[in-house]
Amino acid sequence: MELHILEHRLKVASIAKESVQLFTYGLIKLAFLSSKTRCKFFSLTETPEDYTIIVDEEGFLELPSSEHLSVADATWLALNVVSGGGSFSSSQPIGVTKIAKSVIAPLADQNISVFMLSTYQTDFILIRERDLPFVMHTLAAEFTILRVVNGETVAADDFGITNGFVKPKLVQRPVIHPLSSPSNMFCVTSLDPDTLPTVATLLMDVMFYSNGVKDTVVGSEDSGHIRFFSFSLIEGYISLVMDVQTQQRFPNNLLFTSASGELWKMVRIGGQPLGFDECGIVAQISEPLAASDIPAYYISTFKFDHALFPSQFSLTIPRGSQRMLLNRDELGLLRNKERADVGCCRGSASEI
């Protein structure tokens with residue numbers, strides 16, 4: 001398989017929900033008038049806490065400077081694992097659980113923090129630009145590493161890698177983060193960019209104006225229904241993650257769906273903001289799912305992480321526990337007693 005280092009230099013930022021009206025002009029331009037900008041990588045995710053933006057440096061210039069815009073103190077690069085060559089748009093999707101042991105766990109073992117963005121088309125692994133030499137050294141034995149430069153894919157063998165240099169491991173006390181599962185059911189979908197103008201008004205309403213119901217406080221005993229919507233426009237491809245209630249607002253036959261119409265459940269990771277320096281949480285979620293061959297999407301946001309898994313799996317979060325049990329239900333997809341225990345632990349990844 002190939003590991004592509006995309007040429008986008010990215011910023012990760014958070015907008016306070018009560019202040020989003022200060023940024024709607026720039027956000028609408030990035031989402032719906034991308035031909036008027038030089039932006040090629042844009043993602044906006046709304047959660048109960050805030051709006052998380054992942055955007056390249058050209059797109060970031062469309063946003064006004066403001067005290068209500070919090071920006072992570074790093075420049076990020078997007079990695080993409082593909083099979084069969086070509087770009088992420090033309091290659092077979094790998095899936096976050098398929099790269100758990102080959103990419104995510106090795107980076108966690110080297111205390112390299114990652115920020116995940118799953119889309120309808122593929123999975124992007126965001127790393128700090130300064131960590132690129134360590135990432136390449138860690139993954140060179142497993143992948144053919146290529147880099148996109150001015151639209152061309154070239155070998156990345158000569159990008160400042162020093163043979164034998166490994167980032168030292170840090171000894172950290174694991175910090176357990178609580179898990180919660182909202183009652184929403186979600187879909188991961190897309191639409192033809194040519195049809196975007198026909199639903200622009202609806203999408204703008206969904207993204208910025210239709211959250212009149214107050215969100216349930218995260219960490220409460222019953223997390224209930226939460227607000228979550230993700231829109232990505234990356235190199236001309238659109239990805240949407242929304243709950244079923246929001247999906248029903250869209251015209252029939254407009255959104256791309258699988259033949260099975262698969263729905264997804266969500267697990268939210270973290271009881272308080274997770275930060276950007278801790279490592280291993282994506283590995284702790286994805287490795288057990290991969291071991292049981294359970295597909296998943298994973299979306300990191302400025303404050304919390306979110307994993308989506310197929311709705312045919314039952315979910316139990318024992319009262320007072322910070323561990324999650326995922327069990328196949330009566331559809332017979334697993335033996336009745338087979339299960340994956342998912343521990344949510346910051347620090348280096350460990351086998352479960």
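Everything here concerns the structure above.
Reading the values: rules and limits
Residues numbered from 1 in each chain as written. Predicted model: local features only at pLDDT ≥ 70, side-chain atom pairs only at ≥ 80, totals over all residues. Heavy atoms only, no water. Salt bridge = Lys/Arg side-chain N within 4 Å of Asp/Glu carboxyl O. Helix = DSSP H or I, 4+ residues; strand = E, 2+ residues; numbered from the N terminus. Buried < 20%, exposed > 50% of the residue type's maximum accessible area, 1.4 Å probe, protein only. Phe/Tyr/Trp six-rings, centres within 6.5 Å; stacked < 30°, edge-to-face > 60°. Lys NZ or Arg CZ within 6 Å of the ring centre and 35° of its normal. Core = buried A, V, L, I, M, F, W, Y, C linked by side-chain atoms within 4.5 Å. Contact = heavy atoms within 4.5 Å. Polar contact = N/O pair within 3.5 Å; in protein donor to acceptor, adjacent residues only side chain to side chain. Axes fitted to C-alpha atoms, helices over the stretch in contact; angles between N-to-C directions. Parallel < 35°, antiparallel > 145°, perpendicular 65-115°, else oblique. Left-handed = near helix turned anticlockwise from the far one by under 90°. Nonpolar A, V, L, I, M, F, W, Y, C, P; charged D, E, K, R; others polar.

A.B. asks: Can you explain the pattern of salt bridges? Please cite residues and give values.
C.D. replies: Tallying each qualifying case throughout the model produces 10 salt bridges. With a closest N to O distance of 2.9 Å, R227 and E46 form a salt bridge. Of this pair, R227 sits in the loop between α5 (200-209) and β13 (229-234) while E46 sits in strand β2 (residues 41-46); the two residues are 181 residues apart in sequence, bridging distant segments of the chain. One exposure class covers both R227 and E46, and it is buried. Here D293 and K98 are joined by a salt bridge, their closest N and O atoms 3.0 Å apart. Residue D293 is found in the loop between α7 (281-291) and β16 (297-300), and its partner K98 is found in the loop between β5 (76-82) and α3 (100-109); the two are separated by 195 residues along the sequence. The exposure class of D293 is partly exposed, given its relative accessible area of 49%. Taken together, the shared-partner salt bridges connect R9, E57 and E129 into one network.

A.B. asks: Outline the packing of aromatic side chains, supporting the account with residue identities and numerical values.
C.D. replies: By the definition in use, this model includes 12 aromatic pairs. Here F42 and F231 contribute two aromatic rings whose centre-to-centre distance is 6.4 Å and whose plane-to-plane angle is 55 degrees, an arrangement assigned as tilted. Placement of F42 in strand β2 and of F231 in strand β13 is noted, with a sequence separation of 189 residues between them. The class for F42 is buried, based on a relative accessible area of 0%. Between Y51 and F208 the ring centres are 6.3 Å apart and the planes differ by 35 degrees, which places this aromatic pair in the tilted class. Of this pair, Y51 sits in strand β3 (residues 50-56) while F208 sits in helix α5, and the two are 157 residues apart along the sequence. Of the two residues, Y51 and F208, both sit in the buried class. Taken together through their ring pairs, the aromatic side chains of W76, F115, F276 and F302 make up a single cluster. The positively charged end of R268 is found above the aromatic ring belonging to F304, 5.1 Å away from the centroid.

A.B. asks: Residue-level account of the nonpolar core, with values.
C.D. replies: Membership of the largest hydrophobic core comes to 40 residues, with the highest contact counts inside it found for I5, V103, I125, I269 and Y298. Discounting residues that sit within four places of it in the chain, I125 has contacts with L77, A78, L79, V81, I99, V103, V114, F115 and M116. Counting 36 residues, the second largest nonpolar core, distinct from the first, contains F23, C39, V55 and F231.

A.B. asks: I'd like a description of helix α1 (residues 24-32), backed by residues and values.
C.D. replies: In terms of burial, α1 is a largely internal element, eight of the nine residues being buried. Those residues of α1 not exposed but buried are T24, G26, L27, I28, K29, L30, A31 and F32. Where the residues of α1 are buried, they touch β1 (2-16), β2, β3, α2 (57-60), α5 and β13.

A.B. asks: Give a detailed account of the environment of S66, specifying residues and quantitative values.
C.D. replies: For S66, the location among the structural elements is in the loop between α2 and β4 (69-71). Each C-alpha atom of the pair S66 and I15 lies 9.4 Å from the other, and the pair is 51 residues apart in sequence. Other than its neighbours up to four places away in sequence, S66 contacts L22 and F23. Within the structure, the side chain of S66 is placed 3.0 Å from the backbone nitrogen of H68, a separation counted as a polar contact.

A.B. asks: Please provide a residue-by-residue account of α3, values included.
C.D. replies: Of all 10 residues in α3, eight are buried, a share of seventy percent or more. Residues of α3 that are buried include every one of A100, S102, V103, I104, A105, P106, L107 and A108, and no others. Where α3 is buried, its residues meet β5, β6 (114-118), β7 (123-128), α4 (132-139) and α7. Positive backbone phi, at 55 degrees, marks N111, one or two positions downstream of α3.

A.B. asks: Can you lay out the packing of α3 against α7 for me, pointing to particular residues and giving the numbers?
C.D. replies: Packed helices, taken two at a time, are described by their axes: the angle between them and the distance between them. Taken N-terminus to C-terminus, the directions of α3 and α7 make an angle of 150 degrees; their axes are 9 Å apart at the nearest point. Regarding the angle of α3 to α7, the classification is roughly antiparallel. Crossing of α3 over α7 shows left-handed handedness. Between α3 and α7, the residues in contact are A100, K101, I104, A105 and A108 and V282, A283, S286, E287 and A290, respectively. When the residues that make up the contact of α3 with α7 are grouped by side-chain class, the tally is seven nonpolar, one polar and two charged.

A.B. asks: Lay out the environment of L308 with the relevant residues and their values.
C.D. replies: By secondary structure assignment, the location of L308 is in strand β17 (residues 305-310). Since its relative accessible area comes to 3%, L308 is described here as buried. Along the chain, L308 and R268 lie 40 residues apart, while their C-alpha atoms are 9.0 Å from each other. When neighbours within four sequence positions are excluded, L308 is seen to be in contact with F186, V188, V241, W264, K265, M266, P295, A296 and Y297.

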